[in-house]
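Take a look at the letters that make up each chain.
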Amino acid sequence: VICVAMVLVTVVVLFCLVIGFHDLAFAGQNYEREAEISCLASPPEPSNKTKAFVLAKYRENTTWLQCPEYNHVDYYIYEKTNIPKEDTEHHLYLENIGYECPAYMRYIIDHYDSLPDMVYFVHGNPYEHCTGFGNAVTEIENEDFYIFSIWNWRFRRSGWPHYWPHQGFGPVMDRVYNELFGSEPPDQLQTYFNGQFMASRDA
């Protein structure tokens, strides 16, 4: 279990550093994003695998969780807000900082010893960046890792400061890559954009 959890932690940290972060939350905006969803007309029979959605939410419409194809999937909503609220078992509130990563890491810490077979780390409305999300969820039963995205980016290492405007981020990325893989990053990386993925417990 410890090894599995460490793999998940590594996946979350690396994914959040390598990808271009999605514009998850702006505290000054006051709106409810509408979910562009389409429930499956004929959802398949659920498998015996245990599953959980981990949502990093900021005012998105989460009614997609009511689609019948997700009836067998547990869910945990980590909502970003600057207004203190009382947590419940499946709806927790986090300070509005850090994009998706704090929500994903909090779930791993909270459920360190009881991870399901498959964990889907997604935004409050995963359909915004993966229009075929429902089909993907039902078709990846035998995958160990899967990225929910409609964008595929390829960029050069020298371009990191351009993609991430944060001061000094390039050297930080170099260091993290080196510590995780024991080598310098390649000159060119290919990645998917938006910070939504599935990781199996046995990956």
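All of these numbers come straight from a predicted model, not from anything done at the bench.

Caption draft 1: Structural view of the packing of aromatic side chains. Within the structure shown, the criterion is met by 19 aromatic pairs. A centroid spacing of 5.1 Å and a plane angle of 75° characterise the contact between Phe 53 and Trp 64, whose relative ring orientation is edge-to-face. Residue Phe 53 is found in strand 1 (residues 51-57), and its partner Trp 64 is found in the loop between strand 1 and strand 2 (74-80); the two are separated by 11 residues along the sequence. Taking 6.2 Å as the distance between ring centres and 55° as the angle between the ring planes, the aromatic pair formed by Tyr 70 and Phe 133 counts as tilted. Taken together, the residues Tyr 70 in the loop between strand 1 and strand 2 and Phe 133 in helix 3 (residues 133-139) connect sequence positions 63 residues apart. Residue Tyr 70 shares its accessibility class with Phe 133, and that shared class is buried. What links up through ring pairs into an aromatic cluster is the set Phe 53, Trp 64, Tyr 70, Tyr 120, Tyr 127, Phe 133, Tyr 146 and Phe 148.

Caption draft 2: Representation of the state of the cysteines in the model. Within this structure, the stated rule accounts for 1 disulfide. At a sulfur-sulfur separation of 2.0 Å, the disulfide partner of Cys 39 is Cys 67. In this structure the cystine formed by Cys 39 and Cys 67 twists about its S-S bond by roughly -70°; its chirality is therefore left-handed. Taken together, the residues span a long stretch of sequence, with Cys 39 in the loop between helix 1 (2-18) and strand 1 and Cys 67 in the loop between strand 1 and strand 2 at a distance of 28 residues.

Caption draft 3: Representation of the sheet that holds strand 5 (residues 145-147). The 6 strands lie next to each other as 3-2-1-4-8-5, forming an open sheet whose pairing is mixed. Edge positions in the sheet fall to strand 3 (91-94) and strand 5, since each of these pairs with one other strand and no more. The average undirected angle you get between the axes of adjacent strands in this sheet is 15°. Pairing geometry for strand 2 and strand 3, over 4 bridges, is parallel. Considered in strand 3, the bridge of Ile 77 is made with His 91.

Caption draft 4: Structural detail: the pattern of salt bridges. The tally for this structure, following the rule as stated, stands at 5 salt bridges. The partner of Asp 117 in a salt bridge is Arg 201, with the nearest N and O atoms 2.7 Å apart. Taken together, the residues span a long stretch of sequence, with Asp 117 in the loop between helix 2 (101-110) and strand 4 (118-123) and Arg 201 in the segment after strand 8 (197-200) at a distance of 84 residues. Judged by its relative accessible area of 19%, Asp 117 is buried.

Caption draft 5: Up close: unusual backbone geometry. In this model, Arg 59 sits at a positive phi of 65°, which is unusual for a non-glycine residue. Relative to the elements of secondary structure, Arg 59 occurs in the loop between strand 1 and strand 2. Despite not being glycine, Tyr 99 has its phi angle at roughly 55°, a positive value. Looking at the secondary structure, you find Tyr 99 in the loop between strand 3 and helix 2. Classification of Tyr 99 as partly exposed rests on a relative accessible area of 34%.

The rules we used
- Residues numbered from 1 in each chain as written.
- Predicted model: local features only at pLDDT ≥ 70, side-chain atom pairs only at ≥ 80, totals over all residues.
- Heavy atoms only, no water.
- Phe/Tyr/Trp six-rings, centres within 6.5 Å; stacked < 30°, edge-to-face > 60°.
- Helix = DSSP H or I, 4+ residues; strand = E, 2+ residues; numbered from the N terminus.
- Buried < 20%, exposed > 50% of the residue type's maximum accessible area, 1.4 Å probe, protein only.
- Disulfide = S-S within 2.5 Å.
- Pairing = 2+ DSSP bridges.
- Axes fitted to C-alpha atoms, helices over the stretch in contact; angles between N-to-C directions.
- Salt bridge = Lys/Arg side-chain N within 4 Å of Asp/Glu carboxyl O.

It is worth stressing that arrangement in space is one thing and function is another; only the former is reported here.
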